[in-house]
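# Topology and contacts: notes
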Amino acid sequence: MDKQEFLEKAKEVYKPASYARIVKAFDYAEERHKDQYRLSGEPYIAHPVEVAAILMDLGMDKNSIIAALLHDVVEDTGVKESELKERFGGTVTSLVHGVTKLSMLNFKSKEEAQAENYRRMFLAMSNDIRVIIIKLADRLHNMRTLSFKDPASRLRIAQETLDIYAPIAARLGIASIKGELEDLALKYLHPEDFKYITSKVAATRDERVQFVNRIIARIDAKLKELGIKAEINGRPKHYYSIWRKMQKGKSFEEIYDLHAIRIIVDTVKDCYEVLGTIHTMWKPLPYRFKDYISVPKSNMYQSLHTTVLSSVGVPFEIQIRTHEMHRIAEYGIAAHWKYKQGEKFSTDSNDQKLAWIRNVMELQSEVDDSSEFLDMLKLDLYQDQVYVFTPAGDVINLPSGSTGIDFAYSVHSEVGNKCVGIKINSKMAHLNTKLENGDVVEVITSSASKGPSRDWLNFVVTPSAKAKIRAFFKKEMKEDNVRRGKDMLEKEAKRRGYNLSELMACEEWKSYMLKKYNTSQPDEIFSMIGYGGLTTNQVVVKMIDCFKSQMAKENVLDIKPARPGGVSGGGSGVLIKGYDGFLIRFSHCCNPLPGDKIVGYVSRGRGVSIHRADCPNISGYEPERLIEASWPAGIGEKFTVSVNIEGDDRTGLFSDVATMLNNMKIYMTGITAKADKEVNTAIVTVTIEVDNLETLDYVINKLRSIKGVYNVYRKSK
């Protein structure tokens, strides 16, 4: 669409004052993008103009059109938002900010960038729903011109469109955008299938048109006879919809709703009268009738659907709706625009048409991590719906597979938190019972309830219920979450061969933590892990990345001894490269003793940790951080070591071990025992203090002499 064509169309749609502002925005965008070109070779201004034209077809307001024309000037031309605000006002600037791409931000990975992108998009949507509609129009035009991208980019963008943007358009009820996005995505993701389907559709087009025209003629004649005014037309099936059915094992010829008729009438009464008439003309197929008028879909869609069998045995679908229902079906939320005459668009809690958007707004406020938000968003987008009733008769739509707990949280957070029982159709039911269409659900609450159970997370389906349960534990059980999360993180770090405190001390991790989670407090991270908002894997992997990155920037082996020479009173008792005076610590994973071959591991900020040379954890460490270490002669310190004694499960074994160690004047710091009754064996574990490996060998040999003992060995964690 060229400039003249676009402006002529705008002049027809908008009032003079609004039209003047659109012209001003067009000229400004054209000037700013004048030296820029798209991959297709056409001037860049063509893109914002096409995006604005798509929005104009949806009937969007002047500010949406202006924002579409300007949506790339901040990122791509260096225009400051302050200048945009001065020229076009705060509303337009806010919309442009909401849809601006995030490529200028420094993300660690593409996955993280995309997750944060979606989160920001919905955060902006929570302030102004127009943001997402402009974003959908932007994506639609980019998909129309996707052929100019490189193959890898085409696949990535097409998959993202199918995963996120098309389902969002469906949820918002904008069928005109949803169908085209899906078809274009199919074209690039499955080109051979797309080519096959389009060729088959083209080959059968004439036959199909003749069939549909005969049906339309019969319906039209009958409705005129009854005095019902109606518009009747054929409805082409989208290629992606055909492909989906073929993926379920159907051949092209078996997809009967390629033949579809749409009847648009004036009133709801006419809808049901036409339905009855259709069923007298053709035999309806069982279980193929759906009444979305009395129970609308969550995206506001209303219509009657029925499938009937023609006289020649060909099934075809008929949709019956009013003009208003049709407008909503095509344009979804855009059909309910309330910006006319300066009236602000309502996201009022009483507006049921915005139920899903409110859920997403709520979800983004209760989920801390962008990746988790994206996972939950995808889950919410793809679930089919089940329609249930409150005892008062109100309809609640939930994802298929939802339980009574999902229902409770859909009513209110406190109803879910205080839920102690569920009645389904007046009968008590288990909390995890899956709801079915038409169920009447009653929530039983108690003020004495201490809150939800963690087990609920194992069976609730709705992202909002999961988020609210986690939010409860996050808020109400902060101390427990911190303790639990820290313990989980320490175990995971240790499993990977790292010390948690060492990882936490890394400056790069501290910077990342502040940027990613907006906190400098480790307890906040522990808490998120404790209540399930983060996984230990997410955190530890990033910690290790930060740690390795920082160590690579520093010469970790450039350590200075306090002084040359042997051991002194202030020395550590271990020589590092022949020197003492270093800050060292003995690793608890292998408990090295004088006489063991040892090696040092340089730890940032914590000196050198000493391991046995055969310690299994050494294999997981960075080789450049391992350093030569040795025992000096005559070291007089005591060291802790654990020993396992295996023997017959008999009365007195435990006592005999303790008595022998006491007689040898070996100090015990701990002793435990466990028995295996099936094989009549026992293992006694003692933790003792010895001064060197020679003493340990002596103790082990003495313990082997105890009656019924057949194996004694040094224990490694």
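Residues numbered from 1 in each chain as written. Predicted model: local features only at pLDDT ≥ 70, side-chain atom pairs only at ≥ 80, totals over all residues. Heavy atoms only, no water.

## Digging into the overall build of the protein chain
Rule in force here: Runs of E in the DSSP output that reach at least two residues are strands. Runs of H or I that reach at least four are helices, and both are numbered from the N terminus. Remark: exposure states derive from per-residue accessible area (1.4 Å probe, protein chains only) relative to the maximum for the residue type, with buried under 20%, exposed over 50%, and partly exposed in between. We call two residues contacting when some pair of their heavy atoms lies within 4.5 Å. Accessible surface is estimated by sampling points in the Shrake-Rupley manner with a 1.4 Å probe; for residues, cover comes only from the protein chains shown.
On a plain count of helices and strands, the protein chain comes out with 28 helices and 20 strands. By residue count, 48% of the 717 residues in the protein chain fall in the buried class. Residue pairs in contact within the protein chain that sit at least 24 positions apart in sequence constitute 65% of those at least 6 positions apart. Carbon and sulfur atoms make up 50% of the accessible area of the protein chain, which totals about 35300 Å².

## Things to note about the sheet that holds strand E9 (residues 419-424)
Just so we agree on the cut-off: In this analysis, strands are considered paired if DSSP registers two or more bridges between them. In this description, a line fitted to the C-alpha atoms serves as the axis of each element, helices being fitted only across the stretch in contact, and the angle between N-to-C directions of two axes falls anywhere from 0 to 180 degrees.
Strands sit in the order E10-E9-E11 across an open sheet of three strands; the sheet is antiparallel. Of all the strands in the sheet, just strand E10 (427-429) and strand E11 (441-445) have a single pairing partner and so form its edges. Neighbour to neighbour, the strand axes of the sheet diverge by 40° on average, direction disregarded. As paired strands, E9 and E11 are joined by five bridges and run antiparallel to one another. Bridged to lysine 423 within E11 is glutamate 442.

## As for the packing of aromatic side chains
Short version of the rule: Note on aromatic contacts: the rings of Phe and Tyr and the six-membered ring of Trp form a pair at centre separations within 6.5 Å, being stacked when their planes are under 30 degrees apart, edge-to-face when over 60 apart, and tilted otherwise. Placement of a charge over a ring requires the Lys NZ or Arg CZ to be within 6 Å of the ring centre, with the centre-to-atom vector within 35 degrees of the ring normal.
Within this structure, the stated rule accounts for nine aromatic pairs. Three or more aromatic residues joined by ring pairs make a cluster, and in this case those are Phe211, Trp282 and Phe316. We note lysine 24 situated over the ring of phenylalanine 88; from NZ or CZ to the ring centre the distance is 5.2 Å.

## Re the pairing of strand E17 (residues 639-648)
Burial within E17 is extensive, with eight of its 10 residues counted as buried. Of the pairings in the sheet, the one linking E17 to strand E20 (residues 709-714) comprises five bridges and is antiparallel in character. When the bridges of E20 are listed, asparagine 644 appears paired with tyrosine 713.

## As for a negative patch on the surface
Stated formally: Patch construction takes residues with relative accessible area above 30% that form no salt bridge. Like charges are linked within 9 Å, and nonpolar side chains (Val, Leu, Ile, Met, Phe, Trp, Tyr) are linked within 5 Å. Only one rule defines a salt bridge in this text: a Lys or Arg side-chain nitrogen within 4 Å of an Asp or Glu carboxyl oxygen. Under the convention used here, Asp and Glu are negative, Lys and Arg are positive, and both His and the chain ends fall outside the count. By convention, the charge on Lys lies at NZ, on Arg at CZ, on Asp at CG and on Glu at CD.
Residues Asp2, Glu5, Glu8 and Glu12 make up a contiguous surface patch of negative charge. Judged by its relative accessible area of 46%, glutamate 8 falls in the partly exposed class.

## Re the nonpolar core
The following threshold applies: To form a nonpolar core, buried Ala, Val, Leu, Ile, Met, Phe, Trp, Tyr and Cys residues must be joined to one another through side-chain atoms within 4.5 Å.
Counting residues in each nonpolar core, the largest one holds 70 residues, and the members touching the most others are Phe6, Leu55, Leu70, Leu84 and Ile177. Not counting residues within four places of it along the chain, the set of residues in contact with leucine 55 comprises Met60, Ser64, Ile65, Ala68, Ile133, Ile134 and Ala137. Within the second largest apolar cluster, 51 residues are counted, among which are Val386, Leu457, Val482 and Tyr531.

## Points about the sheet that holds E20
Consider a sheet: its strands pair through backbone hydrogen bonds, and that pairing is either parallel or antiparallel. Spatial ordering of the open sheet is given by E18-E19-E17-E20, a layout of four strands whose pairing is antiparallel. If you trace the sheet from one side to the other, it starts and ends with strand E18 (668-676) and E20, each paired once. Pairwise comparison of adjacent strand axes, ignoring direction, gives a mean angle of 15° for this sheet.

## Some words on the environment of lysine 3
Looking at the element boundaries, lysine 3 is found in helix H1 (residues 3-13). A sequence separation of 20 residues divides lysine 3 from valine 23, and the C-alpha atoms of the two residues are 9.7 Å apart. If we ignore the near neighbours within four places in the chain, the residues touching lysine 3 are Phe26, Asp27 and Glu30.

## Here's the deal with the confidence of the model for the protein chain
Test applied: The predictor attaches a confidence to each residue, called pLDDT, with possible values from 0 through 100.
Model confidence for the protein chain is summarised by a mean pLDDT of 80, while 83% of its residues fall at 70 or above. Predicted confidence for residues 337-353 stays below pLDDT 50, and this span has 32 contacts to residues more than four positions away or in other chains.

## Quick word on the side chain of glutamate 160
So the rule is basically this: Within 3.5 Å is the distance limit for a polar contact, defined as a pair of N or O atoms, with the added protein rule that one can donate a hydrogen and the other accept it, and that residues adjacent in sequence qualify only through two side-chain atoms.
As for its position among the elements, glutamate 160 is in helix H10 (residues 151-171). The exposure class of glutamate 160 is buried, given its relative accessible area of 8%. At 2.6 Å, the side chain of glutamate 160 and the side chain of arginine 139 are in polar contact.

## Topic: unusual backbone geometry
With a phi angle near 55°, asparagine 425 is a residue other than glycine that sits in the positive phi range. One non-glycine residue, asparagine 591, lies in positive phi territory at about 45°. By the element assignment, asparagine 591 lies in the loop between strand E13 (584-586) and strand E14 (598-603).

## Remarks on the pattern of salt bridges
Two side chains with opposite charge may pair up if their charged atoms get near one another. Across all of its chains, the model carries 20 salt bridges by this definition. With a shortest N-O distance of 2.8 Å, glutamate 180 and arginine 144 are connected by a salt bridge. Of the two residues, glutamate 180 sits in helix H11 (residues 175-189) while arginine 144 sits in helix H9 (residues 130-144), which places them 36 residues apart along the sequence. By relative accessible area, glutamate 180 is classed as partly exposed at 26%. Through salt bridges with shared partners, one network takes in Lys3, Asp27 and Glu30.

## With respect to helix H12 (residues 191-203)
Counting along an α-helix, one turn takes 3.6 residues, and residues three or four places apart therefore face a common direction. Formally: One fewer than the residue count of a helix, multiplied by 1.5 Å, yields its expected span. What the arc measures is the spread of directions leading from the helix axis to the C-beta atoms.
Taking 1.5 Å per residue as the helical rise, H12 with its 13 residues ought to reach 18 Å, and the 18 Å between its terminal C-alpha atoms agrees with that figure. Looking at H12, one finds that the buried residues are Phe194, Ile197 and Val201. With its buried residues spanning 70° around the axis, H12 presents them on a single face. For H12, the exposed residues lying more than 90 degrees away from the buried face are Glu192, Lys195, Ala202 and Ala203. Considering only its buried residues, H12 is in contact with H11, helix H13 (205-226) and helix H14 (239-247).

## Remarks on the environment of arginine 235
In this structure, arginine 235 sits in the loop between strand E1 (230-234) and H14. For the pair arginine 235 and isoleucine 318, spaced 83 residues apart in sequence, the C-alpha separation works out to 9.2 Å.

## Regarding the side chain of glutamate 492
Along the polypeptide, glutamate 492 turns up in helix H22 (residues 478-495). Given a relative accessible area of 13%, glutamate 492 falls into the buried group.

## Comments concerning helix H4 (residues 62-70)
Most of H4 is tucked away, with eight of its nine residues classed as buried. Within H4, the full set of buried residues consists of Asn63, Ser64, Ile65, Ile66, Ala67, Ala68, Leu69 and Leu70. Capping the start of H4 is the job of one residue whose side-chain oxygen sits 3.3 Å from the backbone nitrogen of asparagine 63: aspartate 61.

## Looking at the environment of proline 592
Following the sequence through the fold, proline 592 ends up in the loop between E13 and E14. Of the residues examined, proline 592 reaches a relative accessible area of 2% and is grouped as buried. The sequence separation of proline 592 and arginine 612 amounts to 20 residues, and the corresponding C-alpha distance is 5.3 Å. Among all residues touching proline 592, those that are not within four sequence positions of it are Phe586, Ser587, Ile598, Ile610, His611, Arg612, Trp631, Phe639 and Arg714.

## Quick look at the pairing of strand E19 (residues 681-690)
The side chains of a regular strand alternate between both faces of the sheet. Extensive coverage of E19 is indicated by the burial of seven of its 10 residues. Across 10 bridges, E17 lies against E19 in antiparallel orientation. Counterpart to glycine 647 in the pairing with E19 is alanine 682. Across eight bridges, the pairing between E18 and E19 is antiparallel. Looking at the pairing, alanine 673 lines up with valine 684 of E19. Between E18 and the antiparallel strand that follows it, E19, lie four residues; asparagine 680 among them carries a positive phi value of about 60°.

## A short note on the packing of helix H24 (residues 507-517) against helix H25 (residues 522-530)
The condition that has to hold: Small angles under 35 degrees read as roughly parallel and large ones over 145 as roughly antiparallel, with 65 to 115 read as roughly perpendicular and the rest as oblique. Here a crossing is taken to be left-handed if its near helix is turned anticlockwise relative to the far helix by less than a right angle, and right-handed if that turn runs clockwise.
Direction vectors running N to C along H24 and H25 enclose 60°, while the axes themselves pass 11 Å from each other. Judged by the angle between their axes, H24 and H25 are oblique. With respect to the hand of their crossing, H24 and H25 are arranged in left-handed fashion. Of H25, the residues touching H24 (which contributes Trp509, Met513 and Tyr517) are Pro522, Ile525 and Met528.

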